[in-house]
Every structure is written in C-alpha cells, then in structure tokens.
Amino acid sequence: MEHIYRSYYTKSDFITQYMVKMLNPSEQDMILEPCGGDGVFIDSLLSVNSSLKIDTCDLNDEAVAKLTDKYSGNSNIHIWQTDTLLDDRFDMYAADKNGYYDKIIGNPPYGGWQEYSRRDELKKKYNGFYVRETYSLFVLRCISMLKNKGVLSFIIPDTFLFLHNHTALRSYLLANTKIKEILIFPSKFFPGVSFGYSNLSIITVEKESNKDVAFGNNVRIIKGMKTDKDLERIRLEKDIEDLTVIVKKQEEIFGAEHHAFILSNDHLSDIIANTKLKLGDIADCVTGIYSGDNKRFFAVANESVRGGAGYPVAKDEEIDKNCISLKGTDNFKYVPVIKSSSRTRYVRDSIDWYIDWTKDAINHYNNDKKARFQNSQYYFKHGIALPMVKSSRIYATIMNKMVFDQSIVGVFPKDKYYYFVLGLMNSEIANKLIHTINPTANNSANYLKKIPILLPSDADMQYIADKVKDIVDNPENIEDRHEEVNEFFNRLYMC
Ligand SMILES: C[S@@+](CC[C@H](N)C(=O)[O-])C[C@H]1O[C@@H](n2cnc3c(N)ncnc32)[C@H](O)[C@@H]1O
C-alpha cells in the first residue's frame, strides 16, 4: 500500500506562541524539534530568545535543505535528515535513563497510512503500542528522550484520549509524565487543513520518574475554543470564563476503563442528541416485499442454502437476471431477491434466493391480504441491503437489479454518499449507534433513519469512498481491508 504522510504545517502564530510559552525555554536547555518542516516552531522559539540551542531533523530532503539554508548563520541550530522514529542517535538518547533533551516541541505527522513493511519494523521497535498512527509513536519516542522534569509540547489529533488502540499510550503518559494541560479544538484552526474526522489537541507534559507524583497530578483540559485567537487568552491566562475547563486527577483517569479520558458522560449519546443530520436525510431507508406465502413464491439457488429446506431449486433458464420491471417478467419465472443476512460484508458471495416474478405472482402480491408489495419503487434500484435482525456484526452489502424482502432494510443513499454510507453501515460505530438508538432486536427502517451522520471533509469523503469502492470492485481479503474503513469511522465518531 502507498505510504502517505500527511503533513499539516503549523501556520497559526497563536498556536506556536502558546506552545512556546508552555515550553518556557532557556539558554541552558537542549531543545528538540523532531519534525522540523519549514521551521515554524524554531522561528517562534528564536523570537523569544535568539540564543537557544535547538536540534531539528526531518525525513524529507526538501524540508532539510530549506531548514539548512534558513538557519545557516546560526551555529546553535543543528539540523540533520533522518527518520525520527528509527534514528540511531535517538535510539541512544532514548536508551539513556537520564534522557537527553530538556524541551521538545513539534507538530508530528498524522493521519497517514503506512506500508506493511514499515509497520512491522515499527511494531518490533514499539512493541505493544499502536503503530498505525505515527503521531503516537512520536509522542512515545520523544518522551523517552526527555530528561526527568523535561517538558514536551505537541500538537496532535485528540484521538489518543479516547480510542481503544491508544490504551497503552495513555497508560504510559499517565504513569510517566505530569500532564500539564490539554487543549482540544477543531482542526479548522489550521488554515487550509482538511482533517475532518477529529479535533486536534495540544498536549504539554513534564516527564516524571516517580509514578506516585505523576498520579497525584491534576490534568487541566480546555475545550470550547471558537477560533485560534482564543489560544492567546489561554496563553495570557485571562478572560477564559466562557471556555470549558475540566480538571481531573491522573490517578482517576488511569483507573477508568481503558484509561480513557471521559470528557462527557456518554459520547455516543451526545452525538445522537446533538447531530442534526441523520441517515434519513441523505438516504431513503425502506423495508422490502412480503409475498404472503414464501414457500409458494420463493426458490433457492441450490439445496445447501441456509433455511432453504422445502423450497424448490430455481433452474438457470427460469431466472431473469436483467429484469427491472414491476409488472413481471415475460419469458422467465424468477428474479433474484435478497433475503436474510449475508456471510460477507460489502458484497454477497452468492445469490441464494429467487422470487416468483410472473404476472400472476405480481397480481397476488398486489392483492393478497397478507402480501405486501411495499416500497416497490425501490426494487431493482442501486442500494444497500441491511439485515433486519441485529447481530454483534452488521454486514451491509451492495444490491443492484434485485428485489429485497422484508427481512432486509434497503438503504438508498444519494449517489454522492453511496460508498460513504456503505462503509459506515459496515462499521462498528454504526452498530453501536443502532444499539444505542434502539436496543431491541430489530433494525427497523425508522430507527436506522435516526443514525447521526457526521460528514468528513471533502478530501476525507473522497478517501473513504475510494477505499470502499475498491473493496466492492475487488472483493478479496475483505475483513483485512475493512479494518481501515472501520478505523476511519471510529475516528470520525471519535470512539
Ligand atoms: C506535520 S509536518 C510539521 C512541520 C512543522 N513542525 C510545522 O508545524 O510546520 C511534519 C513534518 O514531519 C516530517 N516527517 C514525517 N515523518 C517523519 C519521520 N518519520 N521522521 C522525521 N520527520 C518526519 C515531514 O517531512 C514534515 O516536514
């Protein structure tokens, strides 16, 4: 897979000035900027004291060339090209229990997927930690290079506060540092950044070798900023009454399930209560046909179809695979129908059921008291089939040129949301939302309509649509590839 780094450069002076203040640098300090980029933090540090000693590095040739050129007259600034996560010198500093740096500041890369070979290398080196998100490894790596009482300030997504994947990182932070302050704010504070699926945070920690002292520390978490200018008020410690300030003892956070930072009572309930846009606004959700007498009108593809005992087997020449008429088929008997759950996500591995689509049968569906020819305008349309009966996993699958029966909710998103909705409906988060909205056993269409929809940025929408479409077009290793889709929606909904 492609190795994409997402590098969002820190363009806001309010952000850099706040972080430099939190660092409180002095001339005695050895300072590190572990992913120098175009040097915004270095400039901000030098603007408070031009004699500071700073090490910086970057993986990228151009960034290193620019940094070298920019700081060529300053012998206190040491620049080299390397991979911060794998660099030998950093290995040495990290192995020294006294650490090396007094202060570390930066905006590490995040949001990019990594090649499997690199993941393996990182997994070995950062055993037990979640290696898919580089930012969390930057945090670990850099804290391990801090001296005791040294300070680090990083701008990173806030997902490390909540996601299960980051449990080990939270445990490390809570037991080895005093977390001074965490600011949480929308990613739009970064001009031009399309990072729609999470908030960003600035975390400042002081390394603390005594775990009891770390546990006794109170973390201050500030939310509710409206613009990046609000960071100035926080930096100056004045007029911040309108912001939400949460203070929590580290020991208490450590004691919570998965050491998760719980910033509201129930995150999902909050999302359900506060999100205006619902699935019903971007997709039609409807139940399918009931024949009134399935044994008479349904047929199976072969005798091994689950639940197919007592049904006739449809012969190939009896099946009209191209029918899209609601009036029936002329030269055939059956059309494909989706019924009951699927063995696979995204794409069903076989068509198991057929329904009688002769003119007589249609007449029966329309006139029989028990039968329901309901929502027929959606039959044969391009949609998503979701089983009505809930299970611990929901397998949503594509459906095209087919009828669907009442064991299925047909979801018909507006075209531009089709793959987004298909991915979402297969995600863990959709399952949790469905269970929170309606804890009973059925996914009736009316409850599905209430699923809150958080739309990502256009770029992220395109990203996820491409991923899901790729699975649909080449349905191999579906479960492995689905993991990335699942992670995307976990981040989007911050779970
Ligand atoms: C998010 S940018 C931040 C740049 C700068 N700190 C700023 O805020 O403007 C991240 C920088 O990290 C560099 N980078 C990405 N992965 C790296 C790695 N493994 N080691 C060192 N630098 C890396 C990228 O080349 C990019 O310049």
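Observations regarding the packing of aromatic side chains
Thought 1: For the structure shown, the criterion picks out 24 aromatic pairs.
Thought 2: Seen in terms of ring centroids, Tyr379 and Phe404 are 5.8 Å apart; in terms of plane orientation they differ by 85 degrees. Their pairing is edge-to-face. Here the residue Tyr379 occupies a position in the loop between helix H14 (359-367) and strand S14 (383-387), and Phe404 occupies one in strand S16 (residues 403-404), the gap between them amounting to 25 residues. In this pair, the class of Tyr379 matches that of Phe404, namely buried.
Thought 3: Ring pairing ties together the aromatic residues Phe297, Trp357, Tyr365, Phe373, Tyr378, Tyr379, Phe380, Phe404 and Phe412, which thus form one cluster.
Thought 4: Taking the ring centre of Trp80 as reference, the NZ or CZ of Arg89 above it sits at 4.0 Å.

Looking at the environment of Gly423
Thought 1: Tracing the backbone shows Gly423 in helix H15 (residues 418-426).
Thought 2: The spacing of Gly423 and Tyr346 is 77 residues in sequence and 8.0 Å in space, taken between C-alpha atoms.
Thought 3: With near-sequence residues (within four places) excluded, Gly423 lies in contact with Tyr346, Val468, Val485 and Phe489.

So, the pairing of strand S4 (residues 101-106)
Across a regular strand the side chains alternate sides, sitting on one face of the sheet and then on the other.
Thought 1: Within S4, 6 of the 6 residues are buried, leaving the element largely enclosed by the surrounding structure.
Thought 2: Examined bridge by bridge, strand S1 (residues 30-33) and S4 share 2 bridges and lie parallel to one another. Its bridge partner being in S4, Leu32 is matched across the sheet by Ile104.
Thought 3: As judged from the 5 bridges shared by S4 and strand S5 (residues 146-157), these two strands associate in the parallel manner. The partner of Tyr101 across the bridge, within S5, is Leu146.

A few points about the domain arrangement of the protein chain
Thought 1: In terms of domain boundaries, the protein chain breaks down into domain 1 (13-263) and domain 2 (279-492).
Thought 2: The straight-line distance from the C-alpha centre of domain 1 to that of domain 2 is 45 Å.

Rules and cut-offs
Residues numbered from 1 in each chain as written. Predicted model: local features only at pLDDT ≥ 70, side-chain atom pairs only at ≥ 80, totals over all residues. Heavy atoms only, no water. Phe/Tyr/Trp six-rings, centres within 6.5 Å; stacked < 30°, edge-to-face > 60°. Helix = DSSP H or I, 4+ residues; strand = E, 2+ residues; numbered from the N terminus. Buried < 20%, exposed > 50% of the residue type's maximum accessible area, 1.4 Å probe, protein only. Lys NZ or Arg CZ within 6 Å of the ring centre and 35° of its normal. Contact = heavy atoms within 4.5 Å. Pairing = 2+ DSSP bridges. Domains from an automatic or database assignment.

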